[in-house]
Amino acid sequence: MRIDAEALLFDNDGTLVSSLESVRRCWTRWAEEHGIAAEDFARVELHGRPAVDIIAELLPADRIPGALARIERLEVEDVPGGVELLPGTKELLASLPAGRWAVVTSATRPLAEARLREAGIDAPVVIAADDITRGKPDPEPYLLAAARLGVAPERCVVFEDAPAGLAAGRAAGMRTVALATTHHREDLVADVVVADLSQVSAQVTAGGVEIGVTV
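Residues numbered from 1 in each chain as written. Predicted model: local features only at pLDDT ≥ 70, side-chain atom pairs only at ≥ 80, totals over all residues. Heavy atoms only, no water.

Comments concerning the overall build of the protein
Line of reasoning, step 1. Along the backbone of the protein there are eight helices and eleven strands.
Line of reasoning, step 2. For the protein, whose C-alpha radius of gyration is 17 Å, the value lies close to the compact-globule estimate of 17 Å for 215 residues.
Line of reasoning, step 3. C-alpha atoms of the protein, sized along the principal axes, occupy 55 × 30 × 30 Å.
Line of reasoning, step 4. Split into buried and exposed, the 215 residues of the protein put 53% on the buried side.
Line of reasoning, step 5. Long-range pairs, those at least 24 residues apart, make up 59% of the contacts in the protein with a sequence separation of at least 6.
Line of reasoning, step 6. Split by element, the accessible area of the protein, about 9,600 Å² in all, is 50% carbon and sulfur.
Line of reasoning, step 7. Side-chain charges of the protein comprise 21 positive and 34 negative groups, with the mean position of each set lying 2 Å from the other. (Helix = DSSP H or I, 4+ residues; strand = E, 2+ residues; numbered from the N terminus. Rg over C-alpha atoms; globule rule 2.2 N^0.38 Å. Buried < 20%, exposed > 50% of the residue type's maximum accessible area, 1.4 Å probe, protein only. Contact = heavy atoms within 4.5 Å. Areas by Shrake-Rupley, 256 points an atom, 1.4 Å probe, with all protein chains shown as cover. Lys, Arg positive; Asp, Glu negative; His and termini not counted. Charge placed at Lys NZ, Arg CZ, Asp CG, Glu CD.)

Rendered as C-alpha cells:
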C-alpha cells in the first residue's frame, strides 16, 4: 500500500516509544497518594490523553493544579530506564527530512522532551499538552502540527496507537495509520492498521513523501 503525503505526524508513547510500564507505575502511585479508590481509577482511560483531562475525571477543580504538578514530577523522574524505542522507529525517522515530520503528544512539554531525549529522538517540531487548549480526541493538536510545518491537513498522515489520537487525526481531516501496540486491532479505526512502524517505510519525492505500508 502506498500513501502520498507532505508530512508525517507521530504520537509519541505507544507509537515511537514505549513507556507503558512507567506510566502505569507512576499513575498507580499518584492515585494511591491522592486517595483515589482502585475501582474509580480503573475506569479511567490513561493512554493517549492529557494528564489534566485524566485528573479532572478524578479530583475536584481546586486540586487539579497540585495533582498535575505531582504526576508530571513522578513521570519525569521515572524516565531514565523507563523508555524504549519501538520497532521501526529509528529507521523510519532517519529516512525523513526535518521539515516533513512532527511529534504530537498528550504529555506536557517537560515530560515529552525527557522521553524523546531518553530515546535519542531529535524531533524538529513537538506539539505538547502545553501548546493546546483542547487535547485528543479534539483535532487541535494535529491541526497545530500541520500549521507549524506549513502543510495542509489533508496532506498529512497521522500515526497513532490510541483511539483518542486516531479520532483526533480523522477530525483534522488527515489520513490515519494505527499501530496495534497498546490496543486490540478491532478497537482501532484507521485507514490502515499495522503492528508497529517496522511495517512502514518512507521515500522522499519532489512533492513530499511516499509512504509504503506492508500489511
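Structural notes on helix 7 (residues 140–149)
Line of reasoning, step 1. Along helix 7, the positions that sit buried rather than exposed are Glu-140, Pro-141, Tyr-142, Ala-145, Ala-146 and Leu-149.
Line of reasoning, step 2. On its buried side, helix 7 packs onto strand 2 (7–10), strand 5 (101–104), strand 6 (126–127), strand 7 (156–160) and helix 8 (163–171).
Line of reasoning, step 3. Phi for Gly-150, located one or two positions after helix 7, is positive at around 70°.

Focus: the nonpolar core
Line of reasoning, step 1. In this structure, Phe-10, Trp-101, Phe-159 and Ile-211 are the most contacted members of the largest nonpolar core, which totals 34 residues.
Line of reasoning, step 2. If we skip the residues at most four places from it in the chain, Phe-10 touches Thr-15, Leu-16, Leu-92, Leu-93, Leu-96, Trp-101, Ala-102, Val-103, Val-104, Tyr-142, Phe-159 and Leu-197.
Line of reasoning, step 3. Phe-41, Ile-54, Leu-59 and Leu-74 belong to the second-largest nonpolar core, a separate cluster that totals 18 residues. (Core = buried A, V, L, I, M, F, W, Y, C linked by side-chain atoms within 4.5 Å.)

A closer look at the pattern of salt bridges
In a structure, side chains of opposite charge can pair up when their charged atoms sit close to one another.
Line of reasoning, step 1. One pass over the full model with this rule turns up 15 salt bridges.
Line of reasoning, step 2. Note that Arg-24 is salt-bridged to Glu-21, the shortest N-O span being 3.0 Å. One end of the pair, Arg-24, and the other, Glu-21, are both in helix 1 (residues 20–33), three residues apart, so they sit about a helical turn from each other.
Line of reasoning, step 3. A salt bridge links Arg-25 to Asp-78; the shortest N-O distance between them is 2.7 Å. Here the residue Arg-25 occupies a position in helix 1, and Asp-78 occupies one in the loop between helix 4 (64–77) and strand 4 (84–85), the gap between them amounting to 53 residues.
Line of reasoning, step 4. Note on Arg-25: relative accessible area 46%, which makes it partly exposed.
Line of reasoning, step 5. A single network of salt bridges, built from pairs that share partners, joins Asp-11, Lys-136 and Glu-160. (Salt bridge = Lys/Arg side-chain N within 4 Å of Asp/Glu carboxyl O.)

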